[in-house]
Amino acid sequence: MMKRIALSALTLSLLSGFAQAETVTVYSARNEQLIKPLFDAYTQQTGVEVKVLTDKEGPLMARLQAEGSNTPADMLITVDAGNLWQASNLGLLKTVNSKVLDANIPAHLRDQKGQWYGLSVRARTMFYNPELVSADQLSTYEDLADPKWKGKLCLRTSKKSLQPVLGCDDDRAIWRSQDRENCSRLGGQLSD
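Residues numbered from 1 in each chain as written. Predicted model: local features only at pLDDT ≥ 70, side-chain atom pairs only at ≥ 80, totals over all residues. Heavy atoms only, no water.

Before going further, it helps to examine the overall build of the protein. Tallying secondary structure elements over the protein gives 8 helices and 3 strands in all. Helices (α) and strands (β) of the protein occur, in sequence order from the N terminus, as α-β-α-β-α-β-α-α-α-α-α. For the protein, the residues scored as buried account for 37% of the 192 residues in total. Partitioning the contacts of the protein with sequence separation of at least 6, the portion at a separation of at least 24 is 62%. Summed over its atoms, the accessible surface of the protein is roughly 12100 Å², and 51% of this surface lies on carbon and sulfur atoms. (Helix = DSSP H or I, 4+ residues; strand = E, 2+ residues; numbered from the N terminus. Buried < 20%, exposed > 50% of the residue type's maximum accessible area, 1.4 Å probe, protein only. Contact = heavy atoms within 4.5 Å. Areas by Shrake-Rupley, 256 points an atom, 1.4 Å probe, with all protein chains shown as cover.)

All buried positions along helix 3 (residues 57-67) are accounted for by Glu-57, Leu-60, Met-61, Leu-64 and Glu-67. Each buried residue of helix 3 lies within a common arc of 130° when the element is viewed along its axis, so the set occupies one face. Here the buried face of helix 3 lies against strand 1 (23-28), strand 2 (49-54), strand 3 (75-77) and helix 4 (81-89). Directly after helix 3, the chain includes Gly-68, whose backbone phi takes a positive value near 55°. (Arc of directions from axis to C-beta.)

Take the pairing of strand 1 next. For strand 1, the tally of buried residues reaches 5 of 6 residues, placing the bulk of the element in the interior. As paired elements, strand 1 and strand 2 share 6 bridges and run parallel to each other. Residue pairing in the sheet places Thr-25 in a bridge with Lys-51 of strand 2. Between strand 1 and its parallel partner strand 2, the chain crosses via helix 2 (residues 32-46), and the hand of that crossover is right-handed. Strand direction decides the pairing type here: strand 1 and strand 3, joined by 3 bridges, are parallel. Counted as the bridge partner of Val-26 is Met-75 from strand 3. (Pairing = 2+ DSSP bridges. Right-handed = clockwise from strand over helix to strand, strands pointing away.)

Another point: the sheet that holds strand 1. Sheet strands pair by backbone hydrogen bonding; their relative direction is either parallel or antiparallel. What the 3 strands build is an open sheet, ordered 2-1-3; its pairing is parallel. Pairing within the sheet leaves two strands with one partner each, and these edge strands are strand 2 and strand 3. When strand polarity is set aside, the average angle formed by the axes of neighbouring strands in this sheet is 25°. Each of strand 1, strand 2 and strand 3 is contacted by helix 2, which is oriented at about 165° to strand 2, the strand it contacts most. (Axes fitted to C-alpha atoms, helices over the stretch in contact; angles between N-to-C directions.)

You can see Gln-115 is positioned in the loop between helix 5 (99-104) and helix 6 (141-144). Within the local environment of Gln-115, its side chain forms a polar contact with the backbone oxygen of Leu-93, the two atoms lying 3.5 Å apart. The contact partners of Gln-115, leaving out residues within four places of it in the chain, are Ser-88, Leu-93, Lys-94 and Thr-95. (Polar contact = N/O pair within 3.5 Å; in protein donor to acceptor, adjacent residues only side chain to side chain.)

Take a look at the structure:
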């Protein structure tokens with residue numbers, strides 16, 4: 001309940017910059033039934049209508065690219081940092097300067113250039129058979145890159161955002177290890 005209240009307050013504070021507008025348009029990859037109550041509460045508190053267009057991240061980003069500076073979108077909401085990183089790299093995001101957001105979103109959950117802010121966090125969990133593996137063998141993302149696990153891991157497809165979230169790409173280091181060799185090995189293990 002506390003997380004939901006915090007998320008509600010945060011979403012409302014994100015939208016607060018639009019309080020002078022009559023409507024705010026949000027492109028969202030989040031499930032509409034999960035975010036609509038937050039937008040309804042914002043409308044009730046401010047009188048500003050929130051128009052929501054929902055789709056998957058890829059089509060939303062393609063739409064933003066096609067619309068360019070003529071987009072009606074005021075905000076893009078994705079489901080993970082990998083997609084935010086991609087939207088930023090595609091030049092789809094503008095810098096936001098907000099003392100409210102900076103005060104309420106920890107630095108590690110926001111873009112250094114102010115192009116995006118995390119609304120929530122998603123756990124990326126690892127689990128294993130304790131009869132076959134001990135916790136000290138496989139407890140970090142770095143451990144996943146150890147060659148001894150090649151062919152023994154069941155991982156999400158590499159077409160999803162796990163690799164960018166781990167920072168196994170050329171430009172971003174969300175995964176705090178700067179060990180590109182491990183990223184390459186892990187990338188090989190994630191190949192479909």
